[in-house]
Amino acid sequence: MIASSIRWPMVTGDKSSQDITNELLAPNETKPALWWYIGMTLGTIFLAYGAWAFYMSIAVGIGTWGLTNSVAWGWDIINFVWWIGIGHAGTAFTIFFLVFRQKWGASINRTAEAMTVFAVLCAALFPLLHMGRPWMAFFIMPYPNTRLLWVNFNSPLFWDVLAISTYLLMSITLWYFGMIPDLATMRDRAKNKVSRAVYGFFSMGWNGSMISFNRHETLTKILGGLAAPLVISVHTIVALDFAVSILPGWHATILPPYFFVGAIFSGFAMVLTIMILMRKAFKISDFITTQHLDSIAKVLKYGSMVIGLAYAIEIFIAWYSGVDYEIYTFFNARATGTFSTAFWIMVFCNAIAPQIFWFKKARRNIAILFAVSIIINIGMWFERYIIMISSLAQDFLPSSWTAYSPTLVDIGIYVGTFGIFICGMLLFIRYIPIIAINEIKAFRKDSN
Amino acid sequence: MAQKNIVAKFKDEGKLLKALTRLKENKVNLIDVYGPFANHDILKLLTRESRLPYMSVIFGLAAIVLTFGFLYYTSVIDYPISYGGKPIFSFPPMVVVIFFICILVTTIMTVLTFHARAKIFPGKPSSPIDPSVTDDTFFLVLDQNYNPEEIKGWLQEDGADEVTEKEI
């Protein structure tokens, strides 16, 4: 067993560098199992449903959605915020572990970053379609044009475009540059010409030079340092989309930190779900140990308490403000009225269920970890539903109150993004090393 | 005729480190070490600190200045619009845009500088010293020195698995 004197063993099984290469490249070098094909089929069916919904949204228009004059942001923005939240964990994993010198992230960061990239792609699809004419999306970019107009630089919606595109670029860059040495390993072990050519192209002629490693590490640190404030600001900007409006339930200064914590919380839950599945599928429990899962569960427990506190503060401030509309939204519409079922599902899933992680046995029980990670993701979806719909459907004027329900097209786009995510992740685990091999080797030596 | 270099193969980076320390003490000309992962002790002995962070700071500062200029030109000079009676020149919302553009520009420019400096780019033909260099073996490459036989002796003494001469 390889262990640091001050930390728990993070790679078990006393492995040589060659063992690590062989074990971690096995998913890429052997034929995929039946579950992989089943997953791809399922993902493709989801994609087909999503493609139909996408077609309807463009060919007929967003009148096919369940939006009304009052609820002008519906499933599209709920799901946008949900996906972008999930998309926070990957980069957060990498950079916060980098900043805090937490090496146990080496087993997880590659997959978490892949999850980020696909989740942000899914998220970006919703505002793009919500524009109504996605082919005109470039109008939002500030460039000299024949209309002699500039975009409104003061609008959080424009900030959103900037934030998400910068975040997507940063996530892809961090992900890709981190995997260059591993792609070179795959290139040097490739058994056919096509693989050698493809991995050779993307590994940029990497030859293992320590001088290049030095520059590569410096670049990773710089990108990590740049990404740290970016991660925090992206969800802050998403929160500002709501907070700068005057709607009851949205017009609150707590929204940016509350959204950020929620994003990290849901992202870590999704990381936990994926890591448990991969651990089971590829038998890599020597690299993703129960201690790794235990540590993620602790983060979730802490996140859950912060989220619970944010819910309580929101309700307290609504009462303390003395504003009838705020009081109505929180005490009537959300807690006891039309949206009470969704509200209490949200509270249970996000603030109560993860408290089971106070118990070490629960943190080390794979079934409980998996169940709670799914519960959190359901809860976080309901949180976005509550924020979005309860405030819009019942605002200041009872005469404009309306009910909201999604259409098959709305649901189709959401299901379609699951198709993108599932197929993307399955292709990732098929063709790219799922764990940063070179980091694990270096770290194994460091901790020895 | 191309010059031949001394190449020492090490499976154990502890032994490589020992050899490297002795070579550095004896002021032997080193070219590089190739290996499957970054070992920080080797990096410290072999390389100096990268100057990439300084370039990033310059890119970041340039991006801040240029973005502010751009926003001032578009919002105040070229197309001034009054949003709900707010001032034409409003700095706080500019901070957000400047912040994101700064990160965007710094990321792109730093990555490009890395490519230029490390001379690696997508599609570059690969020529690893040995296929095992990306798996589990380190290779220490030395320049022509005045006492090659003595150096080979040291390397073997320090535990090199193989010492050869090769054109690199």
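What you see is a predicted model, and the numbers here were worked out from it, not measured in a lab.

Caption draft 1: The overall build of chain B, seen in detail. When its secondary structure is counted, chain B shows 5 helices and 4 strands. Taking 15 Å as the expected radius of gyration for a compact globule of 168 residues, we find that chain B reaches 25 Å, considerably beyond that expectation. The principal-axis extent of the C-alpha atoms belonging to chain B is close to 80 × 30 × 30 Å. The buried share among the 168 residues of chain B stands at 32%. Sequence separation of at least 24 residues holds for 82% of the intrachain contacts in chain B that already meet a minimum separation of 6.

Caption draft 2: Up close: the nonpolar core. Grouped together as the largest cluster of nonpolar side chains are 144 residues, with contacts concentrated most on Ala 89, Met 115, Phe 268 and Val 271 of chain A. Looking at this core, the element that brings in the most residues is helix H9 (residues 255–282) of chain A, giving 16 residues. For Met 115 of chain A, the contacting residues outside a window of four places in its chain are Ala 89, Gly 90, Met 270, Val 271, Ile 274 and Met 425 of chain A. Of all hydrophobic cores here, the second largest spans 23 residues; its members include Phe 10, Val 28, Phe 138 and Ala 160 of chain B.

Caption draft 3: Spatial organisation of the domain arrangement of chain B. For chain B, the domain assignment lists domain 1 (4–35 + 137–167) and domain 2 (52–118). Placing a centre on the C-alpha atoms of domain 1 of chain B and another on those of domain 2 of chain B gives a separation of 48 Å.

Caption draft 4: Looking closely at the packing of helix H4 (residues 88–99) of chain A against helix H8 (residues 210–243) of chain A. Residue and element names in this part refer to chain A. Across the interface, H4 lies against H8 with an axial gap of 9 Å and an inter-helix angle of 130 degrees. Accordingly, the angle class assigned to the pair H4 and H8 is oblique. Read as a crossing pair, H4 and H8 show a hand that is left-handed. Across the interface between the two elements, His 88, Thr 91, Ala 92, Thr 94, Ile 95, Leu 98 and Val 99 from H4 touch Lys 221, Gly 224, Ala 227, Ala 228, Val 231 and His 235 from H8.

Caption draft 5: Representation of helix H2 (residues 34–59) of chain A. Residues and elements named next belong to chain A. The end-to-end C-alpha distance of H2 is 37 Å, a good match for the 38 Å that 26 residues give at a rise of 1.5 Å each. The complete set of buried residues in H2 reads Gly 43, Phe 46, Leu 47, Gly 50, Ala 53 and Ser 57. On its buried face, H2 sits against helix H5 (109–130) and helix H15 (408–431). Count one or two residues on from H2 and you reach Gly 61, which has phi positive near 120 degrees.

Caption draft 6: Looking closely at the sheet that holds strand E4 (residues 162–167) of chain B. All names here are of chain B. Spatially, 4 strands are ordered E2-E3-E1-E4 in an open sheet, and the strand pairing comes out antiparallel. At either margin of the open sheet sits one strand with a lone partner, and together these are strand E2 (30–34) and E4. Taking each pair of neighbouring strands and ignoring which way they run, the sheet shows an average axis angle of 25 degrees. The strands that helix H1 (residues 13–25) touches are strand E1 (4–10), E2 and strand E3 (138–142); relative to E3, the one it contacts most, it runs at about 15 degrees.

Caption draft 7: Summary view of the interface of chain A and chain B. Taken residue by residue, the interface counts 49 residues in chain A and 54 residues in chain B. Secondary-structure elements contributing two or more residues to the side of chain A that touches chain B are helix H1 (17–29), helix H6 (156–189), helix H7 (193–202), H8 and helix H16 (437–446) of chain A. In terms of residues, the side of chain A that touches chain B owes the most to one element, H8 of chain A, which gives 14 residues. Residues that form the side of chain A that touches chain B fall into these classes: 24 nonpolar, 19 polar and 6 charged.

Caption draft 8: Structural detail: unusual backbone geometry. Residue and element names in this part refer to chain A. Its identity as a non-glycine residue notwithstanding, Met 204 has a phi of 55 degrees, on the positive side. Looking at where Met 204 falls in the secondary structure, it is placed in the loop between H7 and H8. Positive phi is not limited to glycine here, since Lys 283 has a value of about 50 degrees. On the secondary structure map, Lys 283 appears in the loop between H9 and helix H10 (290–321). Since 11 C-beta atoms lie within 10 Å of it, Lys 283 is described here as exposed.

About the cut-offs
Residues numbered from 1 in each chain as written. Chains lettered and ligands numbered in written order. Predicted model: local features only at pLDDT ≥ 70, side-chain atom pairs only at ≥ 80, totals over all residues. Helix = DSSP H or I, 4+ residues; strand = E, 2+ residues; numbered from the N terminus. Rg over C-alpha atoms; globule rule 2.2 N^0.38 Å. Buried ≥ 20, exposed ≤ 12 C-beta atoms within 10 Å, placed from the backbone. Contact = placed C-beta atoms within 7 Å. Core = buried A, V, L, I, M, F, W, Y, C linked by C-beta atoms within 7 Å. Domains from an automatic or database assignment. Axes fitted to C-alpha atoms, helices over the stretch in contact; angles between N-to-C directions. Parallel < 35°, antiparallel > 145°, perpendicular 65-115°, else oblique. Left-handed = near helix turned anticlockwise from the far one by under 90°. Expected span 1.5 Å × (residues − 1). Pairing = 2+ DSSP bridges. Nonpolar A, V, L, I, M, F, W, Y, C, P; charged D, E, K, R; others polar.

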